[in-house]
Amino acid sequence: MSECCGPGYASPAEAMQAEREKLLYTVALYVGTGVEAPDYLATVDVDPDSPTYSQVVARTEMPQIGDELHHSGWNACSSCNDDSSMKRQFLLLPGVRTSNINVVDVSDAKNPKLHKVVSGDDIKAKTGLSGPHTVHCLKQDIIISMLGDADGNAPGGFLHLDKDFNIVGRWENDITGMNYNYDFWYQPRHNMMVSSEWGAPNTFMPGFDLEDVAAGKYGQSIHFWDFEGKKIVKSIDMGADGMIPLEVRGLHDPASNEGFFAATLSSNVFRWWKTDDGDFEIEKVIDIDTIDVEGFPVPMPSLITDILISMDDKYLYFANWLHGDLRQYDVSDRANPKLTGQVWIGGMLGKAPEVNGVKVQGAPQMIQLSLDGKRLYVTTSLFSSWDNQFYPDMKDKGAQMYMIDCDTENGGMSINPDFVVDFGGEPNGPSRCHEMRYPGGDVTSDIWM
Amino acid sequence: MRCLRPCEGRGRRGRNPRAIQAALRLAETLVAVTHKVTLRNRGVTFHVAEDEPIYAAALREGIQLPIACNYGGCITCAAKMLSGKVRQPKGTALNRRQSQAGYILLCVALPVTDCEIDVGVESHDQLYQNPFAVAPGARLRR
C-alpha cells in the first residue's frame, strides 16, 4: 500500500505487487433458509500459514433480520489514493430486500464491527428509491445503484450518500431511457459511466419466472452516461442477445475506455468501448450455447452471473451458475477472447457434484480474484429465492466457497485441493455466501482516476 | 370465531352525559374485530385484529417468522393457508400458481376469518419451481 497517501494503490501495476491477501470478507445470509436470524458478514482466513486457514474466523451480525445482503462496497478506494485524509475503513453492506444499508467498520480487520445503519425507510422517504445494489465511492461521496422506487417498481435510480453516510438525495439528473437498473462502472478520466439492467425488485425478489421475461419485465439494455452531467447519453437495446445484462466491468488501466459485461440469461459476453469521436459501441464476443438437459423441457442457458477482469486486464473470468463451470479467457485481443481455462463445481449438469470432499450446493456464482491474479475465490449462492428454485437443498445444507489456482503466464485453472469453506457448518445453521471483498481492495472494487 | 376485544383497563368516566357519549365514541374506535389464527406446524393460536398483519401479530406473541421487505413484494414471508381467508393489500409477490397452491404473504395478510396456516420455509414445498423444468404451455401468468 502506498505510504503517506490515501487508500489503495497508485496504479493497477502497484496493486498487483501488494502483499498476498490474508483475509476475505463475504456476506452470509439466512434469508430463505429457515434460520430466523439476521444476515452477517463472515471474515474468512485465507492465509495458508495460519492455523485457521480456510475457516470463518469472525461473524458480524446485522441488526435487522431479512436484509438479504448481496453486494458490498468501500467508503473509499484507490480513486482517493492521492487524498491522505481518506481511509478505507468502512464496508457498506446493502440489504436488497429491506433497503437498509449497513456500514461496517473494519479498522480491526479480523473483527469488523457494525458502525451505522442507513435505514431503508429513510432512504425510501427521502429519495423515493429502494433495492440498493452496487456501491462505488466517488472521491468523498458514495453512490449506490437502486433497483426500484419506494414501492419496489422500476426503474429505480442512484442514491447519493456523503462520506459520513448521510443521505444527500438522488445522484442522477436524467435517467431517460433506463427501464431497469442494476450494476454500474464509472471512469472519470473519460467522463463516462456504464449501467446495466436486471428488473424491478417486485419482479426478481419473488423468484425467476420465464413469463416475466416474455412480458418484458427484465432488462435487455445497456446505458452509457455523461458522468459529469449525470445523465444517460446513449442506450442500446440488445434484444434477445442481451437479456438481463448484469455485472459491468471496465479495464483497470485508467487510460482505457473499454470493458466487458455479460448478458446473464442470454449467456453472452459483450465488449463495450468509447470511440474516438465520443460515441459508445458494443459487440458480442462470447456466446455460450444452451444445453438440452434430460427432464428439462426448456433448453438450459449457462446463466453467466458474475464476470471480472484481472488487474493487468489480461484475463476475463466468469461463472456459469446453471451449467456449473468457471471460465478463464485471455482478452489480450479485446475483440477475440480465447478460452484458456475451465473448471467444474456443482451445477445442474451433474459434472462435479462433490468438490474437495463437500457436496456442492449451487454452482460457481460470485467470484473475486487476488490482486496478483493467481487465486480466484468463488461462492455458490446467487439470491435466496432463486437459490430455492434452482438448488433447493442449499437452504438446508448451506453454500460453499472454493479457491481456484490460476496460471497467469500460460492460462489455465485448477481447483485448489486444500481450500473449502462449507457454510453448511456455520454455528447458527447453514447459510448462503455471496459476494467477497479483501480488506485492502480488489479487482472489482477499485477504480483509478 | 368472530369476537370483540374491548379496550382493557379503562374505568368509568363519570355521569356527565357528554362525557359518557365521548367515552362511548372512544370505546367504539378502540374496539377491534379479531380472528383466531393458528400456526398449525408451530402448535400456537392467537388472536389477530382485522387490520393487523399476521406477521406483526405473531411477532407480538414472541414468534419470529420469516420476514424481509415487509410490504408484500418479496415472498420471503410466504406461508401456506390451510383454511380461512385473508386480505392482502399491496401484496404482489405471488403468481397465480402460488396463490392457487394456498400461499399467502404474512407481512401484509389481514385475517378476514379464523385461519389455520403452516409457516416457515418448511411450508414452501410447493412455492418454488425451476422455470426450465416446466413446459412453456404449462405456465400460468402472474
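Per an unreviewed UniProt entry, the recorded name for chain A is Methanethiol oxidase, and the organism is Pseudaestuariivita atlantica. The heading Catalytic activity (unreviewed entry) in the UniProt record of chain A holds the text "methanethiol + O2 + H2O = hydrogen sulfide + formaldehyde + H2O2 + H(+)".

1. Regarding the overall build of chain A
When helices and strands are tallied, chain A shows six helices and 30 strands. Relative to the globule expectation of 22 Å for 449 residues, the C-alpha radius of gyration of chain A, 20 Å, shows essentially globular dimensions. For chain A, the spread of C-alpha atoms along the three principal axes comes to 50 × 50 × 45 Å. Buried positions account for 67% of the 449 residues belonging to chain A. Restricting to contacts in chain A with at least 6 residues of sequence separation, those with at least 24 account for 58%. Put simply, chain A shows about 14,500 Å² of open surface, and 44% of that area lies on carbon and sulfur atoms. Averaged over its 35 positive side-chain charges, chain A has a centre that lies 2 Å from the centre of its 66 negative ones.

2. Describing the interface of chain A and chain B
Listed by partner, the interface residues are 37 residues for chain A and 28 residues for chain B. When the two sides are added together, the surface that chain A and chain B hide from each other amounts to roughly 2,700 Å², 59% of it contributed by carbon and sulfur. When the buried area of chain A at its contact with chain B is split by residue, Glu36(A), Pro206(A) and Glu211(A) rank highest and sum to 22% of it. Remark: the boundary between chain A and chain B carries zero salt bridges. Elements with a minimum of two residues in the side of chain A that touches chain B: helix 3 (201–204), helix 4 (210–214) and helix 5 (384–390) of chain A. Top contributing element to the side of chain A that touches chain B by residue count: helix 5 of chain A, with four residues. Counted by class, the side of chain A that touches chain B contains 17 nonpolar, twelve polar and eight charged residues.

3. Observations regarding the sheet that holds strand 8 (residues 129–138) of chain A
All names here are of chain A. Spatial strand order, 8-9-10-11: four strands in an open sheet with antiparallel pairing. Strands with a single pairing partner mark the edges of an open sheet, and in this sheet they are strand 8 and strand 11 (167–170). Taken pair by pair, the neighbouring strands of this sheet meet at an average axis angle of 25°, ignoring direction. Packed onto the sheet, helix 2 (residues 120–127) meets strand 8, strand 9 (141–149), strand 10 (157–161) and strand 11 and runs at close to 50° relative to strand 11.

4. Some remarks on the nonpolar core
Ranked by size, the top nonpolar core spans 56 residues in total, and within it Trp198(A), Phe208(A) and Phe423(A) carry the most contacts. Elements with a minimum of two residues in this core: strand 1 (23–29), strand 2 (40–45), helix 4, helix 5, strand 28 (400–406), strand 29 (413–422) and strand 30 (432–437) of chain A. Here this core takes three residues from strand 2 of chain A, the largest share from any one element. Counting 32 residues, the second largest nonpolar core, distinct from the first, contains Ile65(A), Tyr55(B), Ala79(B) and Val86(B).

5. Section: the packing of aromatic side chains
Under the criterion given, the structure shown has 28 aromatic pairs over all chains. With centroids separated by 5.2 Å and ring planes inclined at 5°, the aromatic side chains of Phe261(A) and Phe270(A) adopt a geometry described as stacked. Each of the two residues, Phe261(A) as well as Phe270(A), counts as buried. With centroids separated by 5.0 Å and ring planes inclined at 75°, the aromatic side chains of Trp321(A) and Tyr391(A) adopt a geometry described as edge-to-face. With Trp321(A) in the loop between strand 21 (315–320) and strand 22 (325–330) and Tyr391(A) in the loop between helix 5 and helix 6 (394–397), this residue pair connects regions lying 70 residues apart in the sequence. An identical accessibility class is assigned to Trp321(A) and Tyr391(A); each is buried. Taken together, Tyr182(A), Trp198(A), Phe204(A), Phe208(A), Tyr218(A), Trp321(A), Phe383(A), Trp386(A), Phe390(A), Tyr391(A) and Phe132(B) form an aromatic cluster joined through their ring pairs. Above the ring of Trp273(A), the side-chain terminus of Arg271(A) is found at 4.1 Å from the ring centroid. Taking NZ or CZ as reference, Lys351(A) lies 4.3 Å from the ring centre of Trp344(A), over its face.

6. Considerations on the state of the cysteines
All names here are of chain A. Scanning the entire structure with this criterion turns up zero disulfides over all chains. With no disulfide of its own, Cys-80 has Cys-137 as its nearest cysteine by sulfur position, at a separation of 5.9 Å. Exposure remark for Cys-80: the relative accessible area of 0% places this residue in the buried category. A disulfide-free cysteine, Cys-137 has its sulfur positioned 3.5 Å from the sulfur of Cys-77, the nearest such atom.

7. Focus on the side chain of Lys80(B)
All names here are of chain B. Mapped onto the fold, Lys-80 is located in strand 4 (residues 78–83). A polar contact of 3.1 Å, which involves the side chain of Lys-80, links it to the side chain of Asp-125. Contact partners of Lys-80, with chain neighbours within four places excluded, come to Ala-101, Gly-102, Tyr-103, Glu-116, Ile-117, Asp-118, Ser-123, Asp-125 and Gln-126.

Definitions and cut-offs
- Residues numbered from 1 in each chain as written.
- Chains lettered and ligands numbered in written order.
- Predicted model: local features only at pLDDT ≥ 70, side-chain atom pairs only at ≥ 80, totals over all residues.
- Heavy atoms only, no water.
- UniProt positions renumbered as here; feature names shortened; annotations may be inferred.
- Helix = DSSP H or I, 4+ residues; strand = E, 2+ residues; numbered from the N terminus.
- Rg over C-alpha atoms; globule rule 2.2 N^0.38 Å.
- Buried < 20%, exposed > 50% of the residue type's maximum accessible area, 1.4 Å probe, protein only.
- Contact = heavy atoms within 4.5 Å.
- Areas by Shrake-Rupley, 256 points an atom, 1.4 Å probe, with all protein chains shown as cover.
- Lys, Arg positive; Asp, Glu negative; His and termini not counted.
- Charge placed at Lys NZ, Arg CZ, Asp CG, Glu CD.
- Buried area = accessible area lost by both parts, 1.4 Å probe.
- Salt bridge = Lys/Arg side-chain N within 4 Å of Asp/Glu carboxyl O.
- Nonpolar A, V, L, I, M, F, W, Y, C, P; charged D, E, K, R; others polar.
- Pairing = 2+ DSSP bridges.
- Axes fitted to C-alpha atoms, helices over the stretch in contact; angles between N-to-C directions.
- Core = buried A, V, L, I, M, F, W, Y, C linked by side-chain atoms within 4.5 Å.
- Phe/Tyr/Trp six-rings, centres within 6.5 Å; stacked < 30°, edge-to-face > 60°.
- Lys NZ or Arg CZ within 6 Å of the ring centre and 35° of its normal.
- Disulfide = S-S within 2.5 Å.
- Polar contact = N/O pair within 3.5 Å; in protein donor to acceptor, adjacent residues only side chain to side chain.

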